[in-house]
Amino acid sequence: MSWGAGSYAPQEPADQLRIGHRAEIVRQVEDARRRSRLRFRGTFLLTWLVLIGALVVAIGSTGRVHIDFVSEWAPFILGGVPVTIFVSVMSILFATVFALVGALGRLSRIAPVYAAASLYVSLVRGTPLIVQIIFWYGALPQFGVVLPPLVAGIFALSFNYGAYMTEIFRAGIQAIPRGQLEAASALGMTDGVTMRRIVLPQAIRIVIPAIGNEFIAMIKDSALVSYVTIQETFWRASTTGSRSFRMFETLLIAALIYWALTIVFSLVQERLEKRMAESEVRL
Amino acid sequence: MTGATGRAAAIGGVERDPHARPGALTPPGATPIVRALELEKYYGSNHVLRGVTLEVYPGETVCLIGKSGSGKSTLLRCINFLEEPTVGVIEVDGIRLAADPLRARSRAHREEIRQIRLRAQMVFQEFNLFPHLRVIENLIEAPMRVKGVRRRQAIETAEKFLEKVGLSEKRDEYPSRLSGGEKQRVAIARALTMEPKVLLFDEPTSALDPTLVGEVLVVMEDLAHEGATMIVVTHEMSFAREAADRVCFIDGGTFVEVGLPEDVLSRPSDPRTQEFLARTRLG
C-alpha cells in the first residue's frame, strides 16, 4: 500500500515495538492524508480553470462576441440584481406565511380545513409556475382585479413556493417528538399554546436549512416574473438582447449573475447551518 | 439513596417521623385526593387495564410495580388522561371526570382534562424538557402561559424549586448541556412549579445511566418525606422500600397485591408477586 509519503516500510519486528517508531508512522500517515487532500483540491481548481478557459477561448475565437457591447450593457443588466433580490426575499417571506398556514391546515383534524389546505397544495403543485404567474397578472383583470406587476409577481411566487414549503413545514412539525407534546399537555397547555410556544419554535429550527434551499431556487425562478414586465435581471438581459440581436452576450451576463448569486447565498446558508449545528440549543 | 432517612417532616405543625408508620403523613380523617375507579383500558382488542381501582390519600407515596406490559404505566397515564380510559372514573382534588372516549375531543371534555392535569403533574421517563428553552424558561413557561402567573413571581417560584433539586447554578443552561440526572431533576422542578396536588412519576430513572439514578431518587425521597402526594411507577425496589407508604403489584391489568412495602416486598403472599420479585433481584 502506498501513501505517497515515502520512507516507511516495516522491517524488523523489533522496530515495530519501539514507541518512537509508532509516533513516526502516525505522523507520516497524517502527512500523507493532508497532502492527498490538498492535491485533490488543487486538481479540482485546475480542472475548472481549464474547462472554463477552453470555453472562453473557443467562443472568443469565433470572433462573434462583442466585448464592447458587453461592457456597454453589463451595468444595465446588473441593475436588475437589486430587483431580483428584492423579489426573491419578499417572495420567500410571504411563502413562509403561506407554508405555515398550509402546514397547520394539512395537520388539522378538522375535515374542511384539511381539505382546503390539501386542495391548495394539490392545485398549485399540479400546475406550471409560469401559468400561475401570468394568471395572477393577466387573467384576473377579466374580473376587474388588476394587480400591479410587482404585486402579481411576488404573490405568484409566494403562493407557489408556499405550497411546496407546506410539505416541508408539515414534516418539520411532525419531526417534533411526541414526548414534547405530552409534556406540554401534561403541564396543562392548550393546543394553541403548545403549537406557538413549544412546537413551532423547534420546527422552525429544523426547517431553516430547507428554507435556504428554497430561497436559492427562488432566485432562479424569479426570472419568470419578467413575463409580467418586472424589470429584474433576466428581463433586462432578454430585452437588451432581442433589441440588438445580441442574445448571447446578454444571456451570458444574466447567467453569470444568477450563478454568482446562488454561490454567494449557498455560502451564506452553509455558514448559517454550521452556526446552528454548533449552537447549544440541541433539538 | 438513603439521604433522607431519619428525617422528620413537619406537617400541620406536628413533627412526625415518616417511618413510624407508612401513611403517617396522611392527616387523620382525610379523604382520597386521587381516585381511579374501575378503570378499563383497551388498545384495540388488547385489554390492558381490567377494572383497576386506586385511591391515594394526601401525603401518601404509592409505588406501582410490575413487569413491563403489566399496565402500570397505562394506569398512571390514565390518571392525567394522557391516555383516555375506555371505562372508569378519575377524580383528582375533587374534580371528577368519567372516561368518555367517544367525546374525547370535545371542547368541554378537554377543558376538564386540563383542570385535572393542572393538579396532577407528571414526570416522564424521557424527561421531555423543552430543548429550545433554558432551564429557567422551562420552569416559568407553564406557570406564565397556563396559570397566568406574572413573570417575576414565576421566576421566584422557579428559582425556589431549582434550589430544592440542587440545580440553581444551571439556571441559564440549555437542557442539552445537562446530564440525564440533572435533566430529570429539572423536570421534577418543572412539575413542582405548577404546585400540583399529586405528582405522577412514570419510570423516572429508567432512562438514566446507573450512576445518575441516585441523585434523582434522593430528590424524590425528600419529596415523599416532606409529605408530597406521589404515585410512582418504578423498578427501583430500594426506593419503594424506603419511601413508599403503599406498594401495588400489578399484573395483567389488575392489582395482584397491595400493601405496606415491607409486606409486599419482603413477604409477598401471591406467587406472581414472589416470582416477579425473585426475577427483579436476580436481574
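(A) Fine view of the overall build of chain A. Of regular secondary structure, chain A possesses 11 helices and zero strands. Put simply, chain A runs from its N terminus to its C terminus through helices and strands in the order α-α-α-α-α-α-α-α-α-α-α. Scaling as 2.2 N^0.38, a compact globule of 283 residues should have a C-alpha radius of gyration of about 19 Å, whereas chain A reaches 27 Å, well beyond that. Across its three principal axes, chain A shows a C-alpha extent of roughly 90 × 75 × 25 Å. Looking at chain A as a whole, 28% of its 283 residues qualify as buried. Within chain A, counting contacts between residues at least 6 apart in sequence, those at least 24 apart form 76% of the total.

(B) Highlighting the overall build of chain B. The secondary structure content of chain B amounts to nine helices and 12 strands. Taking all 283 residues of chain B together, the buried fraction comes to 49%. In chain B, 65% of the contacts between residues at least 6 apart in sequence involve partners at least 24 apart.

(C) Layout of the pairing of strand E8 (residues 120-123) of chain B. Residue and element names in this part refer to chain B. With burial as the criterion, each face of E8 is covered, one bearing Ala-120 and Met-122 and the other bearing Gln-121 and Val-123. In this sheet, strand E9 (residues 198-202) lies alongside E8 in parallel orientation, the contact comprising four bridges. Counted as the bridge partner of Val-123 is Phe-201 from E9.

(D) Broad picture of the domain arrangement of chain A. Segmentation of chain A into domains returns domain 1 (13-61) and domain 2 (70-278). Summarising the inter-unit geometry, the C-alpha centres of domain 1 of chain A and domain 2 of chain A are found 40 Å apart.

(E) Representation of the pairing of strand E7 (residues 95-98) of chain B. Residue and element names in this part refer to chain B. With four bridges joining them, strand E6 (residues 87-92) and E7 adopt antiparallel strand pairing. The residue of E7 that forms the bridge with Val-92 is Ile-95. Remark: two residues form the turn of the hairpin made by E6 and E7, two consecutive strands paired antiparallel; Asp-93 in that turn has positive phi of roughly 50 degrees.

(F) Examining the sheet that holds strand E11 (residues 246-251) of chain B more closely. Residues and elements named next belong to chain B. Strand order in this open sheet of six strands is E8-E9-E10-E5-E11-E12, and the pairing throughout is mixed. Bordering the open sheet on either side are E8 and strand E12 (254-259), each of which pairs with just one other strand. For this sheet, the mean angle separating the axes of adjacent strands, direction not counted, is 20 degrees.

(G) Highlighting helix H4 (residues 151-164) of chain B. Residues and elements named next belong to chain B. Look at H4: 20 Å from first C-alpha to last across 14 residues, which is about the 20 Å you get at 1.5 Å a residue. Listed as buried for H4 are Ala-154, Ala-158, Phe-161 and Leu-162. Looking straight down H4, one finds that the buried residues subtend no more than 105 degrees of arc, so they occupy a single side. Among the exposed residues of H4, those pointing more than 90 degrees away from its buried face are Arg-152 and Glu-156. Looking at the packing, one finds that the buried side of H4 touches helix H3 (135-147) and helix H5 (180-193). Once H4 ends, the next one or two residues include Gly-166, with phi positive near 75 degrees.

(H) Quick look at the packing of helix H3 (residues 67-78) of chain A against helix H11 (residues 247-278) of chain A. All names here are of chain A. Where H3 meets H11, the closest approach of the two axes is 10 Å, and the angle between their N-to-C directions is 45 degrees. Classed by the angle they form, the pair H3 and H11 counts as oblique. At the point where H3 passes H11, the crossing takes the right-handed sense. Between H3 and H11, the residues in contact are Phe-69, Val-70, Trp-73, Ala-74, Ile-77 and Leu-78 and Glu-249, Thr-250, Ile-253, Ala-254 and Ile-257, respectively. Tallied by class, the residues present in the contact of H3 with H11 amount to nine nonpolar, one polar and one charged.

The rules behind each value
Residues numbered from 1 in each chain as written. Chains lettered and ligands numbered in written order. Predicted model: local features only at pLDDT ≥ 70, side-chain atom pairs only at ≥ 80, totals over all residues. Helix = DSSP H or I, 4+ residues; strand = E, 2+ residues; numbered from the N terminus. Rg over C-alpha atoms; globule rule 2.2 N^0.38 Å. Buried ≥ 20, exposed ≤ 12 C-beta atoms within 10 Å, placed from the backbone. Contact = placed C-beta atoms within 7 Å. Pairing = 2+ DSSP bridges. Domains from an automatic or database assignment. Axes fitted to C-alpha atoms, helices over the stretch in contact; angles between N-to-C directions. Expected span 1.5 Å × (residues − 1). Arc of directions from axis to C-beta. Parallel < 35°, antiparallel > 145°, perpendicular 65-115°, else oblique. Left-handed = near helix turned anticlockwise from the far one by under 90°. Nonpolar A, V, L, I, M, F, W, Y, C, P; charged D, E, K, R; others polar.

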